[in-house]
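Structural overview for review
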Amino acid sequence: MATVPGFGSHGLKPVVVGVSRSEASKAGVAWAAEEAVLRHLPLRLVHALEWPPGAEPHPHAAHPQRTWSAHFRAGDEMVVREAANPIRERHPHLEVDAPTADGPRARVLVQQGAEAALLVVGAKPNVVEQLFVVSPLGVTLTAHAGCPVAVVGPPQQASDDQQQLIVVGVDGSANSRVHDGERRSE
């Protein structure tokens, strides 16, 4: 599926979330859906099809890999359908788009960020370590997405004596500044 510029009711930029088969992705999708509802924005679930070397994403009819490529694409399209169906059931009035895009996930998500209000990816439980030490995806997205990025970990139950940590990155850009009318008393 191709993405449609100006997707969403009245041309609103969507909340975009990267989708995969991982548990971390499920947490990101659920959080992104809630955020889209709160912001009154459409939701776009995107899965990157990373083709193996030598595979033909768009083979000609006579090409011997045609059947394999069709099954590969169908399997990946199923990933976004399986992510979208529960969201559509839980939020029937939420506008949901669920495309796949050919290419490495970092490139696909950076491209999607150019037309998004917010880009969301799921993260493993230790989000700080994954974002800054282990995950080149998290670093790439926060540096190049062109919109705010949320890296969402799985929900955790906190005890009364346990504090929750929220990490916010600020770079001085217009996106990270608080407008005077929105400033809270300090």
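Residues numbered from 1 in each chain as written. Predicted model: local features only at pLDDT ≥ 70, side-chain atom pairs only at ≥ 80, totals over all residues. Heavy atoms only, no water.

**Considerations on the environment of Ala32**
Looking at the element boundaries, Ala32 is found in helix H1 (residues 23–39). Of the residues examined, Ala32 reaches a relative accessible area of 0% and is grouped as buried. It is 6.4 Å that separates the C-alpha atoms of Ala32 and Val120, two residues lying 88 residues apart in sequence. Residues contacting Ala32, with those up to four places away along its chain left out, are Val15, Val17, Leu43 and Val120. (Helix = DSSP H or I, 4+ residues; strand = E, 2+ residues; numbered from the N terminus. Buried < 20%, exposed > 50% of the residue type's maximum accessible area, 1.4 Å probe, protein only. Contact = heavy atoms within 4.5 Å.)

**A closer look at the environment of Ala48**
Mapped onto the elements of the fold, Ala48 is located in strand E2 (residues 43–49). Separated by 58 residues in sequence, Ala48 and Ala106 place their C-alpha atoms 8.6 Å apart. Residues contacting Ala48, with those up to four places away along its chain left out, are Ala101, Gly103, Pro104, Arg105 and Val108.

**Overview of H1**
With 17 residues, H1 extends 25 Å from end C-alpha to end C-alpha; this agrees with the ideal 24 Å at 1.5 Å per step. Looking at H1, one finds that the buried residues are Ala24, Ser25, Ala27, Gly28, Val29, Ala32, Ala33, Glu35 and Ala36. (Expected span 1.5 Å × (residues − 1).)

**A short note on the confidence of the model for the chain**
In this model, the chain carries an average pLDDT of 74, and 61% of its residues clear a pLDDT of 70 or more. The low-confidence segment residues 179–186 (pLDDT under 50) makes 1 contact with residues lying over four places distant or belonging to another chain. (pLDDT = per-residue confidence, 0-100.)

**Looking at the nonpolar core**
Grouped together as the largest cluster of nonpolar side chains are 22 residues, with contacts concentrated most on Val15, Val17, Val19, Leu43, Leu45 and Val120. Taken together, the elements giving at least two residues each to this core come down to strand E1 (15–18), H1, E2, helix H2 (66–90), strand E5 (118–122) and strand E6 (149–152). Looking at this core, the element that brings in the most residues is H2, giving 5 residues. Setting aside its immediate chain neighbours within four residues, Val120 contacts Val15, Val16, Val17, Gly18, Gly28, Trp31, Ala32, Ala150 and Val152. One finds Ala101, Leu109, Ala116 and Leu119 within the second-largest nonpolar core, a separate group that totals 11 residues. (Core = buried A, V, L, I, M, F, W, Y, C linked by side-chain atoms within 4.5 Å.)

**Here we look at the side chain of Asp97**
Along the chain, Asp97 falls in strand E3 (residues 96–97). Of the polar contacts made by the side chain of Asp97, one reaches the side chain of Arg44; its length is 3.4 Å. (Polar contact = N/O pair within 3.5 Å; in protein donor to acceptor, adjacent residues only side chain to side chain.)

**Some thoughts on unusual backbone geometry**
In the Ramachandran plot, His40 falls in the positive-phi region, its phi being about 60° despite a non-glycine side chain. By secondary structure assignment, the location of His40 is in the loop between H1 and E2.

**What to know about the environment of Ala114**
Mapping Ala114 onto the fold places it in the loop between helix H3 (105–113) and E5. A residue is classified by how much of its surface remains accessible, and Ala114, at 57% relative accessible area, is exposed. A sequence separation of 33 residues divides Ala114 from Cys147, and the C-alpha atoms of the two residues are 6.7 Å apart.

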